[in-house]
Amino acid sequence: MREDRDILASEQAALVSALHGIGQPPSGFDTDHLNTAADSLARKRARSVQKTWPATGEALGRNFGRIFQSYCAEHPAPDENPFEDGYRFAMWLERKRILPQEGRLELARQRVARSGVPRILYQITHRKILFLFRTREGVRTFHVRLSLNPARLFE
Amino acid sequence: VAAAGAEAVDAAGAEEDDMKRLNHPQLGLGIGWRPELALDIERRRDLGFVEIVAENIDPDAIPASLLKLREAGVQVIPHGISLSLGGAEPIDPARARRLADLARRLDSPLVSEHIAFVRAGEMEAGHLLPLPRTNAALRILIDNVKMARELLDVPLALENISALFEWPGGEMSDAEFVSRVVEETDTGLLLDVANVWANARNLDGNSIVFLRHLPLERVAYVHVAGGEERDGTYHDTHAAPVSRDILDLLAELCQMTSIPGVMLERDDHFPDSQQLNSELDAIASAFAQRQKRSVTAHA
């Protein structure tokens, strides 16, 4: 059994890698079928992230598919939890400086929800300051709109 | 006289089926509970059960809507998607315990999982993948299922998946593989007719032949779902209405055996109340026909 498990482990690893575009498909499989399956996995992954990070997904609009694909090229395997995959995607977008405004808020909420800090202040635009509070019921937000661009205070 | 004799045999066969099925509770009509559908589900009065995705429900924070259903007598079945019973590695006890925990808190009659693997080592596949149909893979699967059962206080039902490819070197048919795992582990069968239809369509099989080779007396409940055709392949997306073909296959199954319950799975592009209800009505009617037939047979 131990030996059978070892053999199956390497076969399953080779198959999963191939489906994520890493390495050659193991021999004996119908490659057209594997390509269809790989495409289906990629679609499911993209859709799951789009659904669990709706603001980020919507803000990226028509570019979502293309941008998500380049993220996947750097992170070939999904996270078990689509929401975590989306969290990683949002941070990746932030590092690339292409996280849209709506996505920044979605990411900020998550950071507050996860951090040990009960509340953070988050400047989302020059004229709007956002407060995020972590409460027992979840993260609550409110914003203060400034009548004056804070940058101009120092002019 | 010959016709009457055949009928008697039929009735005896049905009774025998019922005897073997005594362990399976009657569930009736059901649906996969999703937050997006919660309101429509609460309003529907003829549901006997709902199925929840175990990974999406925290046992310590069960949604109020689910608890309300439970109080109204609707059964709740936790359905796992991450146990990876067909994986090369032994199962993660924490995942099985979560299923057990949900079942305990919701007083569930059973839990279910898949005949599939979802990860290899640390690498997640992102979906349910098929297993090699070899004796070696079957033994590992059986071993993992037994391990899971030891951690559960309620019966387990195993689901046949839809696959877009097959492993080379299969030593038995899909139906034999499924039959052997449920028989050798003495588990129920969660029969997904949409998956049966999809596999027949994509991998040149025959749905009816597949069904005929299954131990149908083990069916604990049935899944029905819609999908979409893309570039010549049918995808079981759970994001579209159930097709006529799949409803017909359900009706066919209900003629072959008396199933304890049947439910709709819908995961995306959620329909409005009217569409959802008419889909549930169509499923209920295929199911009710058989109920009527079996009452006549017994009378």
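The rules behind these values
Residues numbered from 1 in each chain as written. Chains lettered and ligands numbered in written order. Predicted model: local features only at pLDDT ≥ 70, side-chain atom pairs only at ≥ 80, totals over all residues. Heavy atoms only, no water. Helix = DSSP H or I, 4+ residues; strand = E, 2+ residues; numbered from the N terminus. Buried < 20%, exposed > 50% of the residue type's maximum accessible area, 1.4 Å probe, protein only. Contact = heavy atoms within 4.5 Å. Areas by Shrake-Rupley, 256 points an atom, 1.4 Å probe, with all protein chains shown as cover. pLDDT = per-residue confidence, 0-100. Buried area = accessible area lost by both parts, 1.4 Å probe. Salt bridge = Lys/Arg side-chain N within 4 Å of Asp/Glu carboxyl O. Polar contact = N/O pair within 3.5 Å; in protein donor to acceptor, adjacent residues only side chain to side chain. Nonpolar A, V, L, I, M, F, W, Y, C, P; charged D, E, K, R; others polar. Phe/Tyr/Trp six-rings, centres within 6.5 Å; stacked < 30°, edge-to-face > 60°. Axes fitted to C-alpha atoms, helices over the stretch in contact; angles between N-to-C directions. Left-handed = near helix turned anticlockwise from the far one by under 90°. Core = buried A, V, L, I, M, F, W, Y, C linked by side-chain atoms within 4.5 Å. Parallel < 35°, antiparallel > 145°, perpendicular 65-115°, else oblique. Pairing = 2+ DSSP bridges. Right-handed = clockwise from strand over helix to strand, strands pointing away. Arc of directions from axis to C-beta.

Participant: I'd like a rundown of the overall build of chain B, residues and numbers included.
Facilitator: Counting its secondary structure elements, chain B contains 10 helices and 12 strands. The proportion of buried residues among the 299 residues of chain B is 57%. Counting contacts in chain B only where the partners sit at least 6 residues apart, residues at least 24 apart contribute 78% of the total. Surface accessibility of chain B: about 12600 Å² in total, with carbon and sulfur atoms responsible for 50%.

Participant: With reference to specific residues and values, describe the confidence of the model for chain B.
Facilitator: Residue and element names in this part refer to chain B. Taken as a whole, chain B shows an average pLDDT of 91; of its residues, 89% reach a score of 70 or greater. With pLDDT under 50 throughout, residues 1–15 is counted as low confidence; its partners more than four residues away or in other chains account for 2 contacts. Two summary scores accompany this predicted model of the complex, namely pTM at 0.88 and ipTM at 0.89.

Participant: Requested: an account of the interface of chain B and chain A, with residues and values cited.
Facilitator: Residue-level contacts link 37 residues of chain B with 31 residues of chain A. Here chain B meets chain A over a buried area of about 2800 Å², counting both sides, of which 64% is carbon and sulfur. The tally of links between chain B and chain A comes to 6 salt bridges. As a salt-bridge pair, Arg47 of chain A and Asp268 of chain B come within 2.5 Å of each other at their nearest N and O atoms. Applying the counting rule to chain B against chain A returns 12 residue pairs in polar contact (both at pLDDT 80 or more). Those elements that place two or more of their residues in the side of chain B that touches chain A are β5 (117–120), β6 (123–129), α5 (135–151) and β11 (233–235) of chain B. Each residue belonging to the side of chain B that touches chain A can be placed in one class, and the counts come to 17 nonpolar, 10 polar and 10 charged.

Participant: Which residues make up the packing of aromatic side chains, and what are the values?
Facilitator: All names here are of chain A. According to the stated counting rule, one finds 14 aromatic pairs over all chains in the structure shown. Measuring from ring centre to ring centre gives 5.0 Å for Trp53 and Phe83, while their planes differ by 25°; the resulting arrangement is stacked. Residue Trp53 is found in the loop between α2 (31–52) and α3 (54–60), and its partner Phe83 is found in helix α5 (residues 82–95); the two are separated by 30 residues along the sequence. Relative accessible area serves as the criterion here: at 2%, Trp53 is assigned to the buried category.

Participant: So what's going on with the packing of helix α7 (residues 193–202) of chain B against helix α9 (residues 244–256) of chain B? Residues and values would help.
Facilitator: All names here are of chain B. Viewed as axis vectors pointing N to C, α7 and α9 meet at an angle of 115°, and their least axial separation amounts to 9 Å. Taken as a pair, α7 and α9 cross one another with a handedness that is right-handed. Within the contact between the two elements, α7 uses Val193, Ala194, Val196 and Trp197 and α9 uses Asp245, Ile246, Leu249, Leu250 and Leu253. When its residues are assigned to classes, the contact of α7 with α9 shows 8 nonpolar, no polar and 1 charged.

Participant: Which residues make up the nonpolar core, and what values do they have?
Facilitator: Residue and element names in this part refer to chain B. Counting residues in each nonpolar core, the largest one holds 89 residues, and the members touching the most others are Leu191, Val222 and Leu250. For this core, the element with the highest residue contribution is α9, accounting for 6 residues. Aside from chain neighbours lying at most four places away, what touches Leu191 is Asn160, Val196, Leu211, Leu214, Leu216, Val219, Tyr221, Val222, His223 and Leu253.

Participant: Run through the packing of α2 of chain A against helix α4 (residues 64–74) of chain A, naming residues and quoting values.
Facilitator: All names here are of chain A. Closest axis-to-axis distance for the α2/α4 pair is 11 Å, and the angle between their directions is 110°. As the angle between them shows, α2 and α4 are arranged roughly perpendicular. For the pair α2 and α4, the sense of crossing is right-handed. For the pair α2 and α4, the contacting residues are Arg45, Ala46, Val49 and Gln50 in the first and Phe64, Phe68, Tyr71 and Cys72 in the second. Of the residues assigned to the contact of α2 with α4, the class counts are 6 nonpolar, 1 polar and 1 charged.

Participant: Quick rundown of unusual backbone geometry? Include the residues and the values.
Facilitator: All names here are of chain B. At Asp107, a position not held by glycine, the phi torsion is positive, near 55°. Here Asp107 falls in the exposed class, since its relative accessible area comes to 53%. Positive phi values are uncommon outside glycine, yet His269 reaches one of about 45°.

Participant: So what's going on with the pairing of strand β7 (residues 156–159) of chain B? Which residues, and what values?
Facilitator: Residues and elements named next belong to chain B. Residues of β7 alternate between two faces, with Leu156 and Leu158 on one and Ala157 and Glu159 on the opposite face, all of them buried. With 4 bridges connecting them, strand β4 (residues 111–114) and β7 associate as parallel partners. Across the sheet, Val111 pairs through a bridge with Leu156, a residue of β7. Handedness of the crossover joining β7 and strand β8 (residues 188–192) through helix α6 (residues 174–185) is recorded here as right-handed.

Participant: Just give me the short version of the pattern of salt bridges, but keep the residues and values in it.
Facilitator: As a working rule, side chains carrying opposite charge can pair if their charged atoms are close by. Scanning the model with the defined rule gives 31 salt bridges over all chains in all. A salt bridge links Glu42 of chain B to Lys68 of chain B; its shortest N-O distance comes to 2.9 Å. Of the two residues, Glu42 of chain B is situated in helix α2 (residues 38–43) and Lys68 of chain B in helix α3 (residues 64–71); the sequence distance between them amounts to 26 residues. Bridged by salt links that share partners, the residues Glu80 of chain A together with Asp92, Arg95, Arg119 and Glu124 of chain B form one connected network.

Participant: Just give me the short version of α4 of chain A, but keep the residues and values in it.
Facilitator: Note: α-helices contain 3.6 residues per turn, so residues at a spacing of three or four share the same orientation. Residues and elements named next belong to chain A. Residues Phe64, Ile67, Phe68, Tyr71 and Cys72 constitute the buried set of α4. The buried side chains of α4 occupy one side of the element, clustering within an arc of 145° when seen end-on. Turned more than 90 degrees off the buried face of α4, the exposed positions are Arg66, Gln69 and Ala73. Considering only its buried residues, α4 is in contact with α2, α3 and α5.

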